[in-house]
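Observations on chain architecture
These are the residues of each chain, in order.
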Amino acid sequence: MDGTKRADIRPGLHVQIVLKQDQRSGKLTKGVVKDILTNSPRHPHGIKVRLSDGQVGRVKVIEAGGE
């Protein structure tokens, strides 16, 4: 799962996101989904989420066994 489908993402899931300031470098940030911010069912660059620590970015990786 690559994070482009909203149905694959839910609060409590462990994911890796790209923060806005890291989009050029592609640096990933690990965290736990708190809120899903994208309303559309898919997004080509990844679904935008807020992590439990407050950081916002687009999901690039959904970690296996991440609940």
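Residue indices follow the written sequence of each chain, beginning from 1 at its first position. For a predicted model such as this one, the threshold for reporting local features is a pLDDT of at least 70, and the threshold for listing and counting side-chain atom pairs is 80 or more; totals across whole chains, interfaces and linings nevertheless cover every residue. Think of the side-chain values as coming from all heavy atoms in the structure, minus any hydrogens and water.

Take the overall build of the chain next. Where helices and strands are cited, they refer to DSSP runs of H or I of at least four residues and of E of at least two residues respectively, numbered from the N terminus. For the chain, the count of helices and strands is zero helices and four strands. Mapped in sequence order, the helices and strands of the chain form the string β-β-β-β. A compact globule built from 67 residues should have a C-alpha radius of gyration of about 11 Å, and the chain, at 10 Å, falls within 12% of that. Once the C-alpha set of the chain is aligned to its principal axes, its extents read approximately 25 × 25 × 20 Å. Taking all 67 residues of the chain together, 37% fall into the buried category. For the chain, the share of sequence-separated contacts (at least 6 apart) that also reach a separation of at least 24 residues comes to 51%. Every radius of gyration here is taken over C-alpha atoms, with the globule rule written as 2.2 Å times N^0.38, N being the number of residues. Burial classes follow relative accessibility: with a 1.4 Å probe on protein chains only, a residue under 20% of its type's maximum area counts as buried, one over 50% as exposed, and anything between as partly exposed. Pairs of residues are marked as contacts when any of their non-hydrogen atoms sit within 4.5 Å.

Attention shifts here to the environment of valine 56. Checked against the element boundaries, valine 56 lands in strand E4 (residues 56–62). Those residues within four positions of valine 56 in sequence are excluded, and the remaining contacts are Ile17, Leu19, Lys20, Leu37, Lys48, Val49 and Arg50.

Any Lys or Arg side-chain nitrogen found within 4 Å of a carboxyl oxygen on Asp or Glu counts as a salt bridge. Taken as a whole and judged by the stated rule, the model has two salt bridges. The shortest N-O distance in the salt bridge between aspartate 35 and arginine 50 comes to 2.9 Å. Note that aspartate 35 is positioned in strand E2 (residues 28–36) and arginine 50 in strand E3 (residues 48–51), a separation of 15 residues in sequence. Its relative accessible area of 26% is what places aspartate 35 among the partly exposed residues. The class for arginine 50 is partly exposed, based on a relative accessible area of 30%.

Two strands are said to pair when DSSP picks up at least two bridges between them. Taken in spatial order, the four strands line up as E1-E2-E3-E4 and close into a barrel, and their pairing is antiparallel. For this sheet, the mean inter-axis angle between neighbouring strands, taken without regard to orientation, is 70 degrees. With three bridges joining them, E3 and E4 adopt antiparallel strand pairing. Bridging from a neighbouring strand, valine 49 pairs with glycine 57 of E4. Where helices are involved, their axes are fitted lines through C-alpha atoms of the stretch in contact, as for all axes, and angles between N-to-C directions lie from 0 to 180°.

It is worth stressing that arrangement in space is one thing and function is another; only the former is reported here.
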